[in-house]
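# Inside the fold
Listed below are the residues making up each chain.
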2 protein chains.
Amino acid sequence: MTRTDVALAQPSVAQTADATRVAVSTVIFTLRRLPGSERFSVALPLVTRTRDPHEGQWALPGGWLDHGESLEAAASRTLAETTGLAPSYLEQLYAFGAVDRSPTRVVSIVYWALIRADEIPDGSVENTAWFDATTLPPLAFDHNEIVDYALWRLRNKVGYSRIAHGLLADEFTLAELREVYEAILDRRLDPANFRRQVEGSGTLIPTDRFRTGSHRPARLYRYNQDVELAERGPLSTRH
Amino acid sequence: MTRTDVALAQPSVAQTADATRVAVSTVIFTLRRLPGSERFSVALPLVTRTRDPHEGQWALPGGWLDHGESLEAAASRTLAETTGLAPSYLEQLYAFGAVDRSPTRVVSIVYWALIRADEIPDGSVENTAWFDATTLPPLAFDHNEIVDYALWRLRNKVGYSRIAHGLLADEFTLAELREVYEAILDRRLDPANFRRQVEGSGTLIPTDRFRTGSHRPARLYRYNQDVELAERGPLSTRH
């Protein structure tokens, strides 16, 4: 094989050997009530791609990392630019770097967050729409796989941390908390068992206040603030 | 301010706006017996840097991502090249991307793994040495912070997964398992309480075999293989 043959056989590697670029994307989960139902489901915002590759397909909000900004700052900025959303914190989910996930070599650092429905600005944003997480259309790149992974992490995490807090008001009833768990886990939970487990976990603090309405009054709870929300451990916020 | 003033005020951004590079590093934990003690401690391999920045300082094993390899393949390759180590799996730890973590802009995807002492090849490797994780010298870049985060994850994870398995033979006594936990958590555990908690967790399967020696025979256990080791969830191995 001559030198020319090699060059012809591997043109993309030869031309773009140092062209790996870093992008960020975000998976923002919220709960919304299913039409005609008492139940909630997990939803997330997607953005229409306005250029190739995958022009016209839905994709996660995101964009390129700027030279002078941290990964998390890039995720916040591109999320705000595309969707208008500004969650109070973003947690790093995973770095996706498969060689063939994009026509050019792109490593995407994906962040995620939970927001309550009342934190979502009113009005529609151009090219953005909310989708049920479990019934997505085919997305650009490997974004279906990324959402699946984020859902898996959400379902795992809800079991051992107070992550559901990100979807609730500061004070909530046990029934409201159970509805969050039911939406995330996508199955019904026995109310009595749920109450017993949650009360035994030490993560909730009962208040003196009650939710009144058409049902009998239900006590309001709040999360024990001694437990950290983001589980960043010793990481400073500059990362 | 003229156009020239702006260019002079921000020379580094203008010159290297697209120069973000992707690197990989690995944190490999093992247990080793403390000299003159029955106890174990967590240790990891470090490599002397042979070029600037930080020439002569200790750093985590790692290197640049090649254009045609996945993140995990790059981590495996650079780990083997620098230390000769080849753990059976690597798990992604975190992507570190602070703007000032290196003189040039570098995003490092860090992987980690646990290996048993008997998986470490005999003989020394040039420029490589093993260090106690809790008494490290000042390392290059933000590598002290990375090790601290990896230790935090290890200590958290040992509580809710079978991660200690990566440091044990296929069959082990409860005393051997407790020594692993004591080394990772860096504190003594009550043997009776530990036995009760582990036996109640459902993660261990007792065998018919016993460890015999100077003490009374101790039953050997193995981990329940139904529990996944790497906790990758729905991620395929190509990421």
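These figures come from a predicted structure and were not determined experimentally. (Residues numbered from 1 in each chain as written. Chains lettered and ligands numbered in written order. Predicted model: local features only at pLDDT ≥ 70, side-chain atom pairs only at ≥ 80, totals over all residues. Heavy atoms only, no water.)

Another point: the overall build of chain A. Along chain A, the regular secondary structure elements total six helices and nine strands. The contacts of chain A with a sequence gap of at least 6 include a subset with a gap of at least 24, amounting to 62%. Total accessible area on chain A stands at roughly 12,300 Å², and carbon and sulfur atoms take up 49% of it. (Helix = DSSP H or I, 4+ residues; strand = E, 2+ residues; numbered from the N terminus. Contact = heavy atoms within 4.5 Å. Areas by Shrake-Rupley, 256 points an atom, 1.4 Å probe, with all protein chains shown as cover.)

Turning to the pattern of salt bridges, a few remarks are in order. Following the criterion strictly, the structure yields 22 salt bridges over all chains and no others. When the shortest N-O distance is used, the salt bridge between A:Arg116 and A:Asp118 registers 3.1 Å. Owing to a relative accessible area of 59%, A:Asp118 belongs among the exposed residues under this scheme. In this structure, B:Arg209 and B:Glu171 form a salt bridge, with 2.4 Å as the shortest nitrogen-oxygen distance. Taken as a pair, B:Arg209 in strand E8 (residues 204-211) and B:Glu171 in the loop between helix H4 (143-157) and helix H5 (174-185) lie far apart in primary sequence, 38 residues in all. Assessed through its relative accessible area of 43%, B:Arg209 is described here as partly exposed. Residue B:Glu171 is classed as partly exposed on the basis of its relative accessible area, which comes to 23%. (Salt bridge = Lys/Arg side-chain N within 4 Å of Asp/Glu carboxyl O. Buried < 20%, exposed > 50% of the residue type's maximum accessible area, 1.4 Å probe, protein only.)

On inspection of all chains with the given rule, the structure shows 16 aromatic pairs over all chains. Ring geometry for A:Tyr94 against A:Tyr149: centres 5.1 Å apart, planes inclined by 65 degrees, an arrangement best described as edge-to-face. Separated by 55 residues along the polypeptide, A:Tyr94 in strand E5 (residues 91-96) and A:Tyr149 in helix H4 (residues 143-157) bring together distant segments of the chain. Comparing A:Tyr94 with A:Tyr149, the two get one shared label, buried. Ring plane angle 50 degrees and centroid distance 5.4 Å describe the contact between B:Phe172 and B:Tyr223, whose orientation is recorded as tilted. In this pair, B:Phe172 sits in the loop between H4 and H5 while B:Tyr223 sits in strand E9 (residues 218-223), placing the two residues 51 residues apart along the sequence. (Phe/Tyr/Trp six-rings, centres within 6.5 Å; stacked < 30°, edge-to-face > 60°.)

Bringing helix H5 (residues 174-185) of chain A into the picture now. Every α-helix winds through 3.6 residues per turn, so residues three or four apart in the chain are directed the same way. All names here are of chain A. Its twelve residues place the ends of H5 16 Å apart at the C-alpha level, agreeing with the 16 Å of an ideal helix rising 1.5 Å per residue. By the burial criterion, the buried members of H5 are Leu174, Leu177, Arg178, Val180, Tyr181, Glu182, Ala183 and Ile184. The secondary structure elements touched by the buried residues of H5 are strand E1 (21-33), strand E2 (40-48), H4, helix H6 (191-201), strand E8 (204-211) and strand E9 (218-223). Of the residues trailing H5, Asp186 is marked for its positive phi of about 60 degrees. (Expected span 1.5 Å × (residues − 1).)

Attention now goes to the confidence of the model for chain A. All names here are of chain A. Confidence along chain A averages 84 in pLDDT terms, with 84% of residues attaining 70 or more. Within chain A, helix H2 (residues 11-15) has the poorest average pLDDT of any element, 37, and strand E3 (residues 58-59) the best, 98. Across the predicted assembly, pTM comes out at 0.81 and ipTM at 0.80. (pLDDT = per-residue confidence, 0-100.)

In this section: the pairing of E8(A). Residue and element names in this part refer to chain A. Of the pairings in the sheet, the one linking E8 to E9 comprises five bridges and is antiparallel in character. Along E9, the bridge assignment pairs Leu204 with Tyr223. Counting the residues in the hairpin turn of E8 and E9 gives six residues. (Pairing = 2+ DSSP bridges.)

So, about the domain arrangement of chain A. All names here are of chain A. Each assigned domain of chain A is listed with its residue range as follows: domain 1 (21-158) and domain 2 (169-223). Taken together, the contact between domain 1 and domain 2 spans nine residues of the former and eleven residues of the latter. Where domain 1 abuts domain 2, roughly 990 Å² becomes buried across the two surfaces, and 64% of that area is made up of carbon and sulfur atoms. For the domain 1 face of the interface with domain 2, the top three residues by lost area are Arg39, Arg155 and Val158, together amounting to 51%. Viewed at the interface, domain 2 and domain 1 are joined by one residue pair in polar contact (both at pLDDT 80 or more). Examining the composition of the side of domain 1 that touches domain 2, we find that three residues originate from one element, E2, more than from any other. Along the lines of polarity and charge, the residues of the side of domain 1 that touches domain 2 split into five nonpolar, one polar and three charged. (Domains from an automatic or database assignment. Buried area = accessible area lost by both parts, 1.4 Å probe. Polar contact = N/O pair within 3.5 Å; in protein donor to acceptor, adjacent residues only side chain to side chain. Nonpolar A, V, L, I, M, F, W, Y, C, P; charged D, E, K, R; others polar.)

Residues and elements named next belong to chain A. For the pair H5 and H6, the least separation of the axes is 11 Å and the interaxial angle reads 100 degrees. In terms of their interaxial angle, H5 and H6 are classed as roughly perpendicular. Contacts between H5 and H6 involve Leu174, Leu177, Arg178 and Tyr181 from the first element and Pro191, Phe194, Arg195, Val198 and Glu199 from the second. When grouped by side-chain class, the residues that make up the contact of H5 with H6 number six nonpolar, no polar and three charged. (Axes fitted to C-alpha atoms, helices over the stretch in contact; angles between N-to-C directions. Parallel < 35°, antiparallel > 145°, perpendicular 65-115°, else oblique.)

If you look at the biggest cluster of nonpolar residues, it comprises 40 residues, and the most contacted ones within it are B:Val27, B:Phe29, B:Leu44 and B:Leu177. Within the residue set of this core, elements represented by two or more residues are strand E1 (21-33), strand E2 (40-48), strand E5 (91-96), strand E6 (106-114), H4, H5, helix H6 (191-201) and E9 of chain B. Residue contributions to this core reach at least three from each of two domains, namely domain 1 (21-158) and domain 2 (169-223) of chain B. Of all hydrophobic cores here, the second largest spans 39 residues; its members include A:Phe131, A:Leu177, A:Tyr181 and A:Phe194. (Core = buried A, V, L, I, M, F, W, Y, C linked by side-chain atoms within 4.5 Å.)

By the secondary structure assignment, A:Ala164 is in the loop between H4 and H5. The residues contacting A:Ala164, other than those within four sequence positions of it, are A:Val158, A:Leu177, A:Val180, A:Tyr181 and A:Tyr223.

Next up on the list: the environment of B:Arg219. Residues and elements named next belong to chain B. Along the chain, Arg219 turns up in strand E9. Each C-alpha atom, one on Arg219 and one on Thr207, is 7.1 Å from the other, the two residues being twelve residues apart in sequence. Sequence-distant contacts of Arg219, defined by excluding residues within four places in its chain, comprise Phe172, Thr173, Leu174, Pro206, Thr207, Asp208, Arg209 and Phe210. Polar side-chain contacts of Arg219 include one of 2.7 Å to the backbone oxygen of Thr207.

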